[in-house]
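Results of the structural survey
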There are 2 protein chains.
Amino acid sequence: MKGSETTLSILVVGSVAIDAIETPFTKLDAIMGGAASYFCASASLYDQVNLVAIVGSDFPQEYMDFLHSRPIDLRGLQIKEGKTFFWRGRYHMDMNMRDTLDTQLGVYADFHPVIPAEYRHSPLVFLANIQPDLQLEVLEQVSGARLTVLDTMELWIMTARPQLTEVIKRVDVLLMSEEEVRQYTEQPSILTGARQLLDMGLQYLVVKQGSYGALLFGADGTYFSAPSYPLAEVSDPTGAGDSFAGGMLGYLSTTEPGANGCYTTDDIKRSIVHGNIIGSFACADFGIGRLRTLTLSEIEQRYKELVKYSHFDPNWVPLHL
Amino acid sequence: MKGSETTLSILVVGSVAIDAIETPFTKLDAIMGGAASYFCASASLYDQVNLVAIVGSDFPQEYMDFLHSRPIDLRGLQIKEGKTFFWRGRYHMDMNMRDTLDTQLGVYADFHPVIPAEYRHSPLVFLANIQPDLQLEVLEQVSGARLTVLDTMELWIMTARPQLTEVIKRVDVLLMSEEEVRQYTEQPSILTGARQLLDMGLQYLVVKQGSYGALLFGADGTYFSAPSYPLAEVSDPTGAGDSFAGGMLGYLSTTEPGANGCYTTDDIKRSIVHGNIIGSFACADFGIGRLRTLTLSEIEQRYKELVKYSHFDPNWVPLHL
């Protein structure tokens, strides 16, 4: 459908990194990481992605080759003399828990996103998890996006709350984990917290629940509980949220919005299901390992399975009435 | 549908108690409690329930009046000189956490279930959370049930594992929380733990996930993720699991099984949805408060909402293929 079009569809701004990951079973010293990397590996399965990020002169050629192998435009990827952003994390036996052992910003310390002219009218914009100040810089440089989607993390809620608030007020969709919703809104109830966030002007809030799936809240009153794809084993949950976003925006990029320029609620629901599916694949191997080999027909297979796993007879009426 | 039949439909054996409940906002010194009470209050919305339990001579007339007000057969309710089983619990700010402050067994200490002859062929049998030894005594006295359903708790996994194992091997359906599955199977993965439990001879395992809903695993390979009904506030989660069971078996009692005497997978799926709905109502007030006023048309309303909240377009196919 998009094959005949020349629009550059999805803009992502975020980190491209070198990760070191330890789990109770495995230790890897250097694999491709960073929120934007997971997003690109996911969204580029569906459509073209325009990447804005920074890497150092040590960025492995193998990682660059992967980016080149996909429909990912790299005109926005800055390559600077110095070290690539590095993160080392260790997962607990309960894979929902992890400790950051080391973070080295490298060239990322002085990063300011510069959006190439060709990217500035990308209809879908994903602000991956970076400093809210940098996210604001991105929003200043783009215009006319059909949908702007924001991800963030606990660190910014704690250390850059006013700036984060400013970004939330200016985007269409916010992705947050349950814990982040509680932390930001200070509401024990997710439903109450969600209302508070929607009142800031969002069209949609997506609450990521890890292995429990995701919830969608709309300013129009939409509520949708998207089932997670059941996994017997999780190899590495790093990047699952970024991959979720990649699946969500990737799917939307293949969809024409309605005459009013807005996606339908059904489209947004489907996009959340895609998010969960891609997130599930991301967990199946270390880093972007599984996303490298993933195909749309494998995604279609899980989509069909999730229909079977979550739908039930819609027509029950009480027999006693 | 059942109005014209004389079958006594659902047998439940479990505790009827007096509870004292504290939450961060409220303190109640004496309300009707016990697993079998919640189950009866729920299941009797759908059909007749046959109750086997024990209470003391202090059991309030008001509680007895409630039981009499519903289609609950009380021929199996023993009334003994002495104190009714008493439980005092305190919930944390996070309502998923609670401490037991006091437990007084009273007449329950010497309880042995005696199943009246009229109950022994009840097609649906619910073994509410009591000592596995007593659950075995029940199974010795009933025969020809269409479905036997077992609930348990952490205490029995820790203190009566061999007896619990024996009961699991003899029932059709087991209800467990996620934590209980992990504890009993010693598997970090719920999917792996579920397979282990099904291998013990169960037809179905239902994994209760609290505010995240419930999962259904079938020996035939069935997997179903039932959405929870979203609640902005939880007044008192006590008895939510027992009410879940009441909704599940209550619904099934209104359903004719197939020619082979077995419920279809679709029936079982619907019953899980009913379980989640009744569980959500149970949390809306203290004790059985909300279950006293609940109607089938309110249940129908939430059923329709859950369809809207969880179903999505089943027909997505990748456009690039």
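In this text the structure is predicted, and so the values were computed from the model without any measurement.

1. Some points on the confidence of the model for chain A
Close inspection of predicted coordinates is inappropriate in any region flagged by low pLDDT. All names here are of chain A. Of all residues in chain A, 97% attain a pLDDT of 70 or more, and the chain-wide mean is 94. Below a pLDDT of 50 lies the segment residues 1-8, which in the model reaches 17 contacts outside its immediate sequence neighbourhood of four places, other chains included. Scored as a complex, the prediction yields pTM 0.94 and ipTM 0.92.

2. With respect to the sheet that holds strand β4 (residues 49-56) of chain A
All names here are of chain A. Spatial strand order, β5-β4-β1-β8-β9-β10-β11-β12-β13: nine strands in an open sheet with mixed pairing. Edge strands, defined here as strands with exactly one partner in the open sheet, are β5 (72-80) and β13 (223-226). The mean inter-strand angle of the sheet, taken between neighbouring strand axes irrespective of direction, is 15°. Judged from the five bridges that link them, strand β10 (residues 173-177) and strand β11 (residues 204-208) form a sheet pairing that is parallel. If you follow L174 over to β11, its bridge partner there is L205. Along the sheet face, helix α7 (residues 190-198) touches β10, β11 and β12 (214-218) and points at about 45° away from the line of β12.

3. Considering the interface of chain A and chain B
Contacts between the two partners involve 43 residues from chain A, matched on the other side by 43 residues from chain B. Note on chain A versus chain B: buried area summed over both sides is about 4300 Å², and carbon and sulfur give 67% of it. The tally of links between chain A and chain B comes to two salt bridges. As a salt-bridge pair, R270 of chain A and D313 of chain B come within 2.4 Å of each other at their nearest N and O atoms. Summed over the shared surface of chain A and chain B, the result is 14 residue pairs in polar contact (both at pLDDT 80 or more).

4. Focus on the packing of helix α3 (residues 132-141) of chain B against helix α5 (residues 161-170) of chain B
Residue and element names in this part refer to chain B. Between α3 and α5, the shortest axis-to-axis distance is 8 Å and the interhelical angle comes to 35°. The two elements α3 and α5 meet at a crossing, and its hand is left-handed. Contact with α3, carried on its side by P132, D133, Q135, L136, L139 and E140, involves Q163, L164, E166, V167 and R170 of α5 and no other residues of that element. Along the lines of polarity and charge, the residues of the contact of α3 with α5 split into five nonpolar, two polar and four charged.

5. Section: the pattern of salt bridges
The tally for this structure, following the rule as stated, stands at 24 salt bridges over all chains. Across the pair E140 of chain A and R170 of chain A runs a salt bridge, and its minimum N-O distance is 3.1 Å. Placement of E140 of chain A in helix α3 (residues 132-141) and of R170 of chain A in helix α5 (residues 161-170) is noted, with a sequence separation of 30 residues between them. Under the relative-accessibility criterion, E140 of chain A is labelled exposed at 57%. The residue K304 of chain B makes a salt bridge to E300 of chain B at a minimum N-O spacing of 3.7 Å. With a gap of four residues between them, K304 of chain B and E300 of chain B both fall in helix α11 (residues 296-310), about one helical turn apart. What emerges from the salt-bridge pattern is a single network uniting E22, D29, R88 and R90 of chain A.

6. Brief notes about the packing of helix α9 (residues 265-282) of chain A against helix α11 (residues 296-310) of chain A
Residues and elements named next belong to chain A. Interaxial distance between α9 and α11 falls to 10 Å at its minimum, and their mutual angle equals 115°. On the basis of the axis angle, α9 is roughly perpendicular to α11. For α9 against α11, the interelement crossing comes out right-handed. Note on element contacts: α11 touches α9 through E298, I299, R302, Y303 and L306, opposite R270, V273, H274, I277, I278, S280 and F281.

7. Comments concerning the relation of the copies chain A and chain B
Relative to chain B, chain A is turned by 180° and slid 0.0 Å along the rotation axis, the superposed coordinates differing by an RMSD of 0.0 Å. Between the two chains, the operation in question is that of a two-fold axis. For chain A, the residue whose C-alpha comes nearest the rotation axis is H311 of chain A, separated from it by 2.9 Å. With an isologous cut-off of 70% or more, the 100% of interface residues of chain A that recur at the interface of chain B puts this contact in the isologous class.

8. Some remarks on the sheet that holds strand β2 (residues 17-22) of chain B
Residues and elements named next belong to chain B. Strand order across the open sheet formed by four strands is β3-β2-β6-β7, with mixed pairing between neighbours. At either margin of the open sheet sits one strand with a lone partner, and together these are β3 (27-33) and β7 (98-104). Geometrically, the sheet is characterised by an average inter-axis angle of 20° between neighbouring strands, direction not taken into account. Of the pairings in the sheet, the one linking β2 to β3 comprises five bridges and is antiparallel in character. Of the residues in β3, the one forming a bridge with E22 is K27. Its contacts with the sheet place helix α2 (residues 61-69) against β2 and β3, and it is angled at close to 40° to β3.

9. Considerations on unusual backbone geometry
A positive phi angle, near 60°, is found at E186 of chain A, a position not held by glycine. Tracing the backbone shows E186 of chain A in the loop between α6 (178-185) and α7.

10. Things to note about the environment of A53 of chain B
Residue and element names in this part refer to chain B. Considering the arrangement of structural elements, one finds A53 in strand β4 (residues 49-56). What makes A53 buried here is its relative accessible area of 0%. The spatial distance from the C-alpha of A53 to the C-alpha of C283 is 24 Å, given a sequence separation of 230 residues. Non-local contacts of A53, meaning those with residues more than four positions away in its chain, are made with G14, V16, G76, L77, Q78 and F111.

11. Side note on α3 of chain A
Among all positions of α3 of chain A, only P132, L134, Q135, L136, V138 and L139 of chain A are buried. Along its buried surface, α3 of chain A packs onto β1 (10-13), β8 (124-127), β9 (147-151), α4 (154-159) and α5 of chain A.

12. What to know about the environment of V273 of chain B
Residue placement: V273 of chain B occurs in helix α9 (residues 265-282). Each C-alpha atom of the pair V273 of chain B and R302 of chain B lies 9.7 Å from the other, and the pair is 29 residues apart in sequence. Once you skip the residues sitting within four places of it in the chain, V273 of chain B turns out to touch F312 of chain A together with F224, Y303 and L306 of chain B.

13. Here's the deal with the pairing of strand β6 (residues 86-91) of chain B
Residues and elements named next belong to chain B. The pairing of β2 with β6 spans five bridges and is parallel. The partner of A20 across the bridge, within β6, is R88. Of the strand pairs in this sheet, β6 and β7 are connected by six bridges, and their pairing is antiparallel. Bridging from a neighbouring strand, Y91 pairs with R98 of β7. In this antiparallel pair of consecutive strands, β6 and β7, the connection spans six residues.

14. Brief notes about the side chain of H274 of chain A
Secondary-structure assignment places H274 of chain A in helix α9. Not counting residues up to four positions away in its chain, the partners in contact with H274 of chain A are Y46, G247, Y251, I299 and Y303 of chain A together with W316 of chain B.

15. Description of the packing of aromatic side chains
Considering all chains together, one arrives at 23 aromatic pairs over all chains under this definition. With a centroid separation of 5.8 Å and an interplanar angle of 20°, the aromatic rings of Y108 of chain B and F111 of chain B are classed as stacked. Feature note: the residues F224, Y251 and Y303 of chain A together with F312 and W316 of chain B constitute an aromatic cluster, connected by ring pairs. Taking NZ or CZ as reference, R302 of chain A lies 3.7 Å from the ring centre of F281 of chain A, over its face. In this arrangement the basic side chain of R161 of chain B is found over the ring face of Y184 of chain B, its NZ or CZ atom lying 4.2 Å from the centre.

Definitions and limits used
Residues numbered from 1 in each chain as written. Chains lettered and ligands numbered in written order. Predicted model: local features only at pLDDT ≥ 70, side-chain atom pairs only at ≥ 80, totals over all residues. Heavy atoms only, no water. pLDDT = per-residue confidence, 0-100. Contact = heavy atoms within 4.5 Å. Pairing = 2+ DSSP bridges. Helix = DSSP H or I, 4+ residues; strand = E, 2+ residues; numbered from the N terminus. Axes fitted to C-alpha atoms, helices over the stretch in contact; angles between N-to-C directions. Buried area = accessible area lost by both parts, 1.4 Å probe. Salt bridge = Lys/Arg side-chain N within 4 Å of Asp/Glu carboxyl O. Polar contact = N/O pair within 3.5 Å; in protein donor to acceptor, adjacent residues only side chain to side chain. Left-handed = near helix turned anticlockwise from the far one by under 90°. Nonpolar A, V, L, I, M, F, W, Y, C, P; charged D, E, K, R; others polar. Buried < 20%, exposed > 50% of the residue type's maximum accessible area, 1.4 Å probe, protein only. Parallel < 35°, antiparallel > 145°, perpendicular 65-115°, else oblique. Least-squares fit on C-alpha atoms with pLDDT ≥ 70 in both. Phe/Tyr/Trp six-rings, centres within 6.5 Å; stacked < 30°, edge-to-face > 60°. Lys NZ or Arg CZ within 6 Å of the ring centre and 35° of its normal.

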